[in-house]
Every structure is written in C-alpha cells, then in structure tokens.
Amino acid sequence: MRSMPDEERPSGDPYYIQASSVAADRPKLVLKHNEAFLVADSRGDFPDIPESEFGFYVDGTRFLSRLELVMHGHPPLVLNAALSEDTLQIAVDLTNPDILHDGGIALPGRMLRIARLLTIFDNQLYQRLTVESFGEVSHPLTLTWHFGTDFVDVFEVRGFTRARRGALVAPARDQDHVALGYEGLDRVRRTTHLAFVPRPIRLTDAAATYELTLAPGAVFEISVVVTATTEA
C-alpha cells in the first residue's frame, strides 16, 4: 500500500464530490470500485459533520453517511494510513489516547494497537478491526461503532436542493444485523444492511457496542459488512 496525499482525489469520475467548506480541512481517504465509492477521514471514519461529503455511495446514492469508531467514548489516535494501488483498500493503524475515569487514568495511552482495514467491492463495504493489547495487566475496553444514513444523492451532497424527497423506512434489526431503509419518489426501495461479527453486546438502530477484557498480548477481531441493496 502507498501513502495517500491529502490533495489526491478521483478524476474523470461522474460521482466526484467537491469537498465542502465545513470539512475541507480534514484529510480525506477515497476508495472506488465500479459504481461504488467512499470518502473517509484519516481514521477511516465517516464523521457526523453537517453538509460534508463523507460516506459510502452506490449508484450515486449515499447509503451510509456516518460510521464512527470510539473507545470509551473517545476517538482513537491515528498512527498511519495507507491506500492500496488498486484503490480498493485502506489500512489504518490506530491507538488509544489516555482514558480517564474517576480522576485517574483507566487506560494509559498507546497501550492498544487497532489495525483497521476497509475494503470496497461492488455494493459492499467491509471493515475489519484487529485489536491488540501491549499492556502488562488486563484492561476493560468498550468499543462502539456509531452509524447512520440519509440516502441523499451526490447532487444534494454538492448543494442541490430537492423540492421533494422520499421517506425513510422504519429500521429493522436482530442481534447482529441492522437494516436502514428508504423509499424514493421513484418507488425504489434502497436499504443499507450492517452485519456485525461477533455479535455486539448492545445493538441499536444507530450504534453497535462491544465490551472486551484484553489480557496482556491478547488479540481480538471485529468486523462489519455494509451492503447496499436496491429493490424496485
């Protein structure tokens, strides 16, 4: 994989999105395959920033507008990010900041390595986290993925205002899967499926939470597969 300059952007792409003024100062990572692409920040997140271009898009529609990873409620620190030559994968190395609790340090900084791998292929986005502990004692760890979607098209992201929009469909979920849906004015049902492995300890319509206890040298792996589907 090669390091990606901040100014590098897809060219000759009908779905290209100009950076908004709100998020223009944040480094961007871009993946693309066929009619799907994503725009992430340097942590590999789609941050919840109004009027930003971050997200996962398929066929010109943003199927996922938010996907943010936090540990004990705090974003991880970026060590390094690299983009594959074929623009199908991003590898991000993260670590933890000092985690404070009851006036003390519950988890010292840089005790964990989180290897985050994002892969895009057709209508799917796959993310894998590999969490490794370098501590000399066991530490509890709470990891949460916050997610959401708006199903806007790239023209709306660029600033075009639509007079009318379709309607969001009530989310559906079970113990390890969430489906977020939208029915457009064209009567087409678009759905974002998020499947988590292993099963989170808590799963809502907007967040998946894991409670881990990492022993010295322990390694734990978590993944989420995002699938965009369209049904007329």
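One structure accompanies this document, and this report is about it. (Residues numbered from 1 in each chain as written. Predicted model: local features only at pLDDT ≥ 70, side-chain atom pairs only at ≥ 80, totals over all residues. Heavy atoms only, no water.)

### Side note on the overall build of the protein chain
Within the protein chain one finds 1 helix and 18 strands. When the 232 residues of the protein chain are sorted by exposure, 48% land in the buried category. Contacts in the protein chain between residues far apart in sequence, at least 24 positions, make up 58% of those at least 6 positions apart. For the protein chain, the computed accessible surface area is about 11300 Å², with 51% contributed by carbon and sulfur atoms. (Helix = DSSP H or I, 4+ residues; strand = E, 2+ residues; numbered from the N terminus. Buried < 20%, exposed > 50% of the residue type's maximum accessible area, 1.4 Å probe, protein only. Contact = heavy atoms within 4.5 Å. Areas by Shrake-Rupley, 256 points an atom, 1.4 Å probe, with all protein chains shown as cover.)

### Let's talk about the nonpolar core
Ranked by size, the top nonpolar core spans 57 residues in total, and within it Leu38, Phe46, Phe56, Leu141, Leu143, Phe147 and Phe196 carry the most contacts. Once residues lying within four places of it in the same chain are set aside, the contact partners of phenylalanine 46 are Leu38, Val39, Ala40, Phe54, Gly55, Phe56, Leu64, Ser65, Arg66, Leu67, Glu68 and Leu125. (Core = buried A, V, L, I, M, F, W, Y, C linked by side-chain atoms within 4.5 Å.)

### Quick word on the pairing of strand E6 (residues 77-83)
For E6 and strand E7 (residues 89-95), the ladder comprises 6 bridges, and the chain directions are antiparallel. Looking at the pairing, asparagine 80 lines up with aspartate 93 of E7. The antiparallel pairing of E6 with E7 creates a hairpin that spans 5 residues between the two strands, and threonine 87 there sits at a positive phi of about 55°. (Pairing = 2+ DSSP bridges.)

### As for the packing of aromatic side chains
Scanning the model with the defined rule gives 5 aromatic pairs in all. Seen in terms of ring centroids, phenylalanine 37 and tyrosine 57 are 4.5 Å apart; in terms of plane orientation they differ by 5°. Their pairing is stacked. Placement of the pair is phenylalanine 37 in strand E2 (residues 36-40) and tyrosine 57 in strand E3 (residues 55-58), with a sequence separation of 20 residues. The exposure class assigned to phenylalanine 37 is buried, which follows from its relative accessible area of 4%. Judged by its relative accessible area of 0%, tyrosine 57 is buried. Through a chain of ring-to-ring contacts, the aromatic side chains of Phe63, Phe151 and Tyr182 assemble into a single cluster. (Phe/Tyr/Trp six-rings, centres within 6.5 Å; stacked < 30°, edge-to-face > 60°.)

### Brief notes about the side chain of serine 223
Its location among the elements puts serine 223 in strand E18 (residues 219-231). Of the residues examined, serine 223 reaches a relative accessible area of 10% and is grouped as buried. If we ignore the near neighbours within four places in the chain, the residues touching serine 223 are Tyr126, Gln127, Arg128, Trp145, Ala195, Phe196 and Val197.

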